[in-house]
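Overview (structure and organization)
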Amino acid sequence: TLKLLAAGTRPNRIMSAPFQCTSAGTPRRLEISFASDPAGQLGAQLNTCDKGQMSEMFCPGYAAIGRLIEGDTVARKAGVAVGDFIVAVNDVGFRRFAPDDKEEGVADTDADVSAEEAALRRKIKSKVVPTGQPGEAYGALLGSIKSIKGAADPANPLALSLERHGWNARANSWPRFLVARDGDVPAAMQMLQTHEEWKEKTFPINTSDPLIKMVMASRAVSEVPGRGGGHPTLCVNFSALQRLEDADGSHVADAFVMLVETALARAVEGGDPRTPRLCQLIDLTGVGISSKLRIDVLKTVYGRFEPNYPETLEKMVLYPVSRYLASTCNMLLSFVNEKTKNKFVITDSLPTVCKELGWDPAVVEAAGGVSEHIEASSIGER
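Residues numbered from 1 in each chain as written. Predicted model: local features only at pLDDT ≥ 70, side-chain atom pairs only at ≥ 80, totals over all residues. Heavy atoms only, no water.

**Points about the overall build of the protein chain**
- Broken down by element type, the protein chain carries 14 helices and 11 strands.
- Counting only C-alpha atoms and orienting by the principal axes, one finds that the protein chain spans roughly 75 × 40 × 40 Å.
- The buried share of the protein chain, taken over its 382 residues, is 47%.
- Intrachain contacts of the protein chain at a sequence separation of at least 6 include 73% that bridge at least 24 residues.
- Of the roughly 18,300 Å² of accessible surface on the protein chain, a fraction of 52% belongs to carbon and sulfur atoms. (Helix = DSSP H or I, 4+ residues; strand = E, 2+ residues; numbered from the N terminus. Buried < 20%, exposed > 50% of the residue type's maximum accessible area, 1.4 Å probe, protein only. Contact = heavy atoms within 4.5 Å. Areas by Shrake-Rupley, 256 points an atom, 1.4 Å probe, with all protein chains shown as cover.)

See below:
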């Protein structure tokens, strides 16, 4: 069973409990009734999921919450979030496909409802609206909402059913996989299926493994939270990494995956679950190109990240690397694909690092430098 990341979870903690994937495997359902305020407005801007695009194929409904309007609105009172899909209006389904859960749509709060009546209600609430011309299903859904609101019948107030899918569930992750394979649907589907098989084999991660604990305690990998709504940064301290003689690439990769999962879950809190983003910093402070670089470890970490979290990397900064050594650094990272290489920022300039990662230069300088700032600012126990 996949667990949803709890608010306030500290990701770089040396935990004894197994680490679960942070994206909920089962959608959460929300019911919104306008019975107490028939004339009330939802307080949200809707996005259409009915443009006839391949990126929509795993969206369960034809409309999603695109933005919440400020104020004491119905949506905010009901706990609606950006990315929630509207799947039924007054217990009549407006779905793209049937729900996986056969008990979806149980509306029999009345104990006198028979099993047959309950089954019929579920069937109606799970109704699939076939995809027609682009915008047709979305228009029908809006028409139904407007008709019910316009009737202003106290006996039949507007009620909306919504589903919330995890940031890495198909409804939200599929567009990223599609972009990663340049719109090639069969290739993207193969990539997604391989990722789902990897998830089944990888989670839960055994955090009681002494070598994973060693990696986490060493701060060889850590997270610095985003500033002012910016992206979080996952940091790889190469100097600390080279001192981990007993831990191999798989242990470092497991620790890195735990940070990726928690960082991306936090990155979409209050935002669009379709667009989780993070930055990465390879801190090469005190590391010379002539020293024994553990490129094999980076290769293992990259082999976990790139195929399983596509289109989540905003940029990767390598610092400090002089212009003279930049080409050598690129050569050593030849295993990285071109899309990721285009997101590289290789620099020996502290102002450049701060600009790219959204850090305050004064704060970094006051800490004593990049490595010291990471140590002071990273999330988790030291």
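Picking up after the structure, the text goes on.
**A few points about the pattern of salt bridges**
- Across all of its chains, the model carries 15 salt bridges by this definition.
- Its salt-bridge partner being E163, residue R29 comes within 3.9 Å of it at the nearest N-O pair. You can see R29 sitting in strand β1 (residues 28-33) and its partner E163 sitting in strand β6 (residues 159-164), a full 134 residues away along the chain.
- Assessed through its relative accessible area of 30%, R29 is described here as partly exposed.
- With a shortest N-O distance of 2.8 Å, E31 and K125 are connected by a salt bridge. You can see E31 sitting in strand β1 and its partner K125 sitting in helix α2 (residues 115-125), a full 94 residues away along the chain. (Salt bridge = Lys/Arg side-chain N within 4 Å of Asp/Glu carboxyl O.)

**Digging into the sheet that holds strand β10 (residues 313-319)**
- Reading across the sheet, the five strands line up as β7-β8-β9-β10-β11 and stay open at both edges, with mixed pairing between neighbours. Two strands close off the open sheet at either side, each with one partner strand: β7 (221-224) and β11 (344-346). Ignoring strand direction, the axes of neighbouring strands in this sheet form an average angle of 20°.
- Judged from the three bridges that link them, β10 and β11 form a sheet pairing that is parallel. Each residue of the ladder has a partner; that of M316, found in β11, is F344. (Pairing = 2+ DSSP bridges. Axes fitted to C-alpha atoms, helices over the stretch in contact; angles between N-to-C directions.)

**A few points about the packing of aromatic side chains**
- Overall, the coordinates contain eight aromatic pairs when judged by the stated rule.
- With a centroid separation of 5.8 Å and an interplanar angle of 80°, the aromatic rings of W198 and F203 are classed as edge-to-face. Per residue, the accessibility class of W198 equals that of F203, and both read buried.
- Here the aromatic rings of W198 and Y309 are separated by 6.0 Å at their centres, their planes lie at 90°, and the arrangement is edge-to-face. A residue pair is termed long-range when its members are at least 10 positions apart, and W198 in helix α5 (residues 185-202) and Y309 in the loop between α9 (295-308) and β10 qualify at 111 residues. For the pair W198 and Y309, one class covers both residues: buried. (Phe/Tyr/Trp six-rings, centres within 6.5 Å; stacked < 30°, edge-to-face > 60°.)

**Points about the confidence of the model for the protein chain**
- Per-residue confidence for the protein chain averages 89 on the pLDDT scale, and 90% of its residues sit at or above 70.
- Between residues 1-14, whose pLDDT stays under 50, and residues either more than four places distant or in other chains, the model counts 39 contacts.
- Here residues 102-109 is a poorly scored stretch, pLDDT under 50, and it has 17 contacts once near neighbours within four places are set aside; other chains count. (pLDDT = per-residue confidence, 0-100.)

**Side note on the packing of helix α6 (residues 210-218) against helix α8 (residues 249-267)**
- In the contact formed by α6 and α8, the axes pass within 9 Å of each other and the chain directions differ by 60°. With respect to α8, the element α6 is oriented oblique. In the crossing of α6 with α8, the sense of the turn from one axis to the other is right-handed. Every residue of α8 that contacts α6 at L211, I212, V215 and M216 is listed here: H251, V252, D254, A255 and M258.
- The class makeup of the residues in the contact of α6 with α8 is seven nonpolar, one polar and one charged. (Parallel < 35°, antiparallel > 145°, perpendicular 65-115°, else oblique. Left-handed = near helix turned anticlockwise from the far one by under 90°. Nonpolar A, V, L, I, M, F, W, Y, C, P; charged D, E, K, R; others polar.)

**Concerning unusual backbone geometry**
- Of note, the bond from F203 into P204 is cis; its omega dihedral lies within 30 degrees of zero at 0°.
- On the secondary structure map, P204 appears in the loop between α5 and α6.
- Along the chain, Y319 connects to P320 via a cis peptide bond; the corresponding omega equals -10°.
- For N90, which is not glycine, the phi dihedral falls at a positive 50°.

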